[in-house]
Amino acid sequence: MDLLTSPDAWLAFATLFALELVLGIDNVVFISILTNRLPESQRQRARIVGLSLAMIMRIVLLFFASWIVGLTDPIWSPGDGRFEFSGRDLILIAGGLFLVYKAVSEIHHKLEGEFEDESVTSGVTSTFGRVIVQILLIDAVFSLDSVITAVGMVDELAIMVAAVVLSIGLMMVIAGRISDFVNAHPTVKMLALAFLVLIGTTLIAEGFDYHISKPLIYGPIAFAIGVESLNLIYARNVAKRRSVRRPEAVHLISKYEEDAG
């Protein structure tokens, strides 16, 4: 009952919910790119399964918070001991490399691949099981980072679970719209892929103990989204103006032209 009436509890919930929402959007973008390789009939199911796995994984990890915190202890120090890697560091590095690889591969496919109808070939290039496995791998990375941050911000397990369930539930509702919007606009999809490269690079840096402030990452991302939104509005307005036919000018025939005709 104290949790429902405590202002600090509500503030912690709102902060954690916002964090989970940001990480959830990253996850949705990645899932939309992977599921685009599936037949249309399987994409919605893959998105729901992927986000459900993310929610289940984060809730399970929250119940093992002490073990998660223990992953920050150094377990490997190669060479001269300049770098010390914990279990969390190794997972972040592996996940970042995987994310960068997938995003760069997709960018290369868009720029250098032969023109083809993805709705026809997507069922050949990927299977439902393969897509789910890849979603599960990146879910593990995002979930680990999210849970460690949540444990450092909030002490109450109920608040953490509620923030996770509500944020991912919201993502399930809007995932289809986000995916359709990204796939319908090539420039937005390329921008999203660039964001994934940036986020993957950030995960790798975090694994090497180079902490990058979140505002320094998501600030430029928000600015780029704003610029792209202006471009989309401009393109829509231009298309709308071109679709409106101007009335043809009235041509008056002079007396001399009438006689000549």
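Only a predicted model underlies this, so the values are computations on that prediction, with no experimental measurement involved.

Parameters and conventions
Residues numbered from 1 in each chain as written. Predicted model: local features only at pLDDT ≥ 70, side-chain atom pairs only at ≥ 80, totals over all residues. Heavy atoms only, no water. Helix = DSSP H or I, 4+ residues; strand = E, 2+ residues; numbered from the N terminus. Buried < 20%, exposed > 50% of the residue type's maximum accessible area, 1.4 Å probe, protein only. Contact = heavy atoms within 4.5 Å. Axes fitted to C-alpha atoms, helices over the stretch in contact; angles between N-to-C directions. Parallel < 35°, antiparallel > 145°, perpendicular 65-115°, else oblique. Nonpolar A, V, L, I, M, F, W, Y, C, P; charged D, E, K, R; others polar. Phe/Tyr/Trp six-rings, centres within 6.5 Å; stacked < 30°, edge-to-face > 60°. Lys NZ or Arg CZ within 6 Å of the ring centre and 35° of its normal. pLDDT = per-residue confidence, 0-100.

**Student:** I would appreciate a short explanation of the side chain of Thr202 in the present structure.
**Tutor:** Along the chain, the position of Thr202 falls in helix H9 (residues 186-207). You can call Thr202 buried: its relative accessible area is 8%. Contact partners of Thr202, with chain neighbours within four places excluded, come to Ile212 and Ile217.

**Student:** Mind showing me how you'd approach the packing of helix H8 (residues 157-184) against H9 here?
**Tutor:** When two helices pack together, their arrangement is given by the angle between the helix axes and by the axis-to-axis distance. Running from amino to carboxyl end, H8 crosses H9 at an angle of 110°, the nearest separation of the two axes being 5 Å. In this view, H8 runs roughly perpendicular relative to H9, as classed from their interaxial angle. Between H8, through Phe181, Val182, Asn183 and Ala184, and H9, the contact on the second element is made entirely by Pro186, Val188 and Lys189. Looking at side-chain class alone, the contact of H8 with H9 contains five nonpolar, one polar and one charged residues.

**Student:** Which parts of the structure should I look at to understand the packing of H9 against helix H10 (residues 214-243)?
**Tutor:** Viewed as axis vectors pointing N to C, H9 and H10 meet at an angle of 175°, and their least axial separation amounts to 11 Å. In this view, H9 runs roughly antiparallel relative to H10, as classed from their interaxial angle. Facing H9, whose interface residues are Thr187, Val188, Leu191, Phe195, Leu198, Thr202 and Glu206, H10 presents Lys214, Ile217, Ile221, Ala224, Ile225, Glu228 and Leu232. Of the residues belonging to the contact of H9 with H10, the class tally is nine nonpolar, two polar and three charged.

**Student:** Would you mind showing me how to read the packing of aromatic side chains here?
**Tutor:** Aromatic rings considered in pairs are described by the distance between their centres and by the relative angle of their planes. All chains considered together, the criterion is met by two aromatic pairs. Look at Phe30 and Phe98: their rings are 6.2 Å apart centre to centre, the planes differ by 65°, and that puts the pair in the edge-to-face class. Here the residue Phe30 occupies a position in helix H2 (residues 7-35), and Phe98 occupies one in helix H5 (residues 87-112), the gap between them amounting to 68 residues. Ring geometry for Phe85 versus Phe208: centroids 5.3 Å apart, planes at 80°, classification edge-to-face. Placement of Phe85 in strand E2 (residues 85-86) and of Phe208 in the loop between H9 and H10 is noted, with a sequence separation of 123 residues between them. Positioned above the aromatic ring of Phe128 is the side chain of Arg45, whose terminal nitrogen or guanidinium carbon lies 4.2 Å from the ring centre.

**Student:** I keep staring at the side chain of Glu228 and nothing clicks. Help me out?
**Tutor:** The residue Glu228 is located in helix H10 in this model. Excluding anything up to four places from it in sequence, Glu228 contacts Thr187, Val188 and Leu191.

**Student:** Could you clarify how one ought to interpret the confidence of the model for the protein chain in this entry?
**Tutor:** A low pLDDT score tells you not to read the predicted coordinates there in detail. Averaged over all residues, the pLDDT of the protein chain is 76; the fraction at 70 or higher stands at 77%. Across residues 115-124, where pLDDT falls below 50, the model places 16 contacts with residues more than four positions away in sequence or in other chains.

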